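Structural overview
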Amino acid sequence: MLSYRIPSKLNNELRGPARGEYVAGLCRAESAPGVLAYDGDTPVGWAAIAPRSETSFATNRKIPHLDELPVWSLWCVRVRPGHRKLGISHALIPGAVEFAREHGAPAVEAYPLDNGDAKVDLTMAYAGIRKNFERAGFTKAADTTSVLAGHPRILMRLDLR
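The sections below set out a description of the structure shown in this document. (Residues numbered from 1 in each chain as written. Predicted model: local features only at pLDDT ≥ 70, side-chain atom pairs only at ≥ 80, totals over all residues. Heavy atoms only, no water.)

What to know about the sheet that holds strand S5 (residues 139-148)
- What the six strands build is an open sheet, ordered S1-S2-S3-S4-S6-S5; its pairing is mixed. Strands with a single pairing partner mark the edges of an open sheet, and in this sheet they are strand S1 (34-39) and S5. Strand-to-strand, the axes of this sheet are offset by a mean angle of 25°, without reference to chain direction.
- Inspection of the sheet shows S5 paired to strand S6 (residues 151-159) by six bridges, in the antiparallel sense. The residue of S6 that forms the bridge with Lys-140 is Met-156. (Pairing = 2+ DSSP bridges. Helix = DSSP H or I, 4+ residues; strand = E, 2+ residues; numbered from the N terminus. Axes fitted to C-alpha atoms, helices over the stretch in contact; angles between N-to-C directions.)

In structure tokens form, the structure reads like this:
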């Protein structure tokens, strides 16, 4: 889900090959737009992570800023159909955190659904769920006013210092 990484107007304008070219440019940048999980040579999962300042979360009024720390945002975790329920998201989250650490991130934030035991529509589960981030060491840092798929989103943080 790159809509949080691409300015809204540009996101609406990019279509077909132009969108692919823009994303390819992001992938060639010094800091790639995320991490991939593979099963052999086949990509089966993706986690989007970048400095919050390079995303729309920098100005998002529903997701609070806790402080002035130049945190990285981890906002999308997707696993390809046919590969779900195999623990891939449990590998993607720490992989994204390690990627951020290698690029100097002092902390990583995520904005998952706080769904308790309720089922989440898979098309809207890209934000992740609280318990998966807790397993990776994140802790709840703040409530938000953001709601996705009928579930509140919370701000979770993992300090890397």
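Looking at the nonpolar core
- In this structure, Ile-49, Leu-74, Leu-92, Val-108, Phe-133 and Phe-138 are the most contacted members of the largest nonpolar core, which totals 25 residues.
- Secondary-structure elements contributing two or more residues to this core are S1, strand S2 (42-51), strand S3 (72-79), helix H3 (88-102), strand S4 (107-110) and S6.
- Here the element with the most residues in this core is H3; it accounts for seven residues.
- Discounting residues that sit within four places of it in the chain, Leu-74 has contacts with Ala-47, Ala-48, Ile-49, Ile-93, Ala-96, Val-108, Glu-109, Ala-110, Tyr-111, Phe-133 and Phe-138. (Core = buried A, V, L, I, M, F, W, Y, C linked by side-chain atoms within 4.5 Å. Buried < 20%, exposed > 50% of the residue type's maximum accessible area, 1.4 Å probe, protein only. Contact = heavy atoms within 4.5 Å.)

Read these as spatial facts, not as claims about activity.
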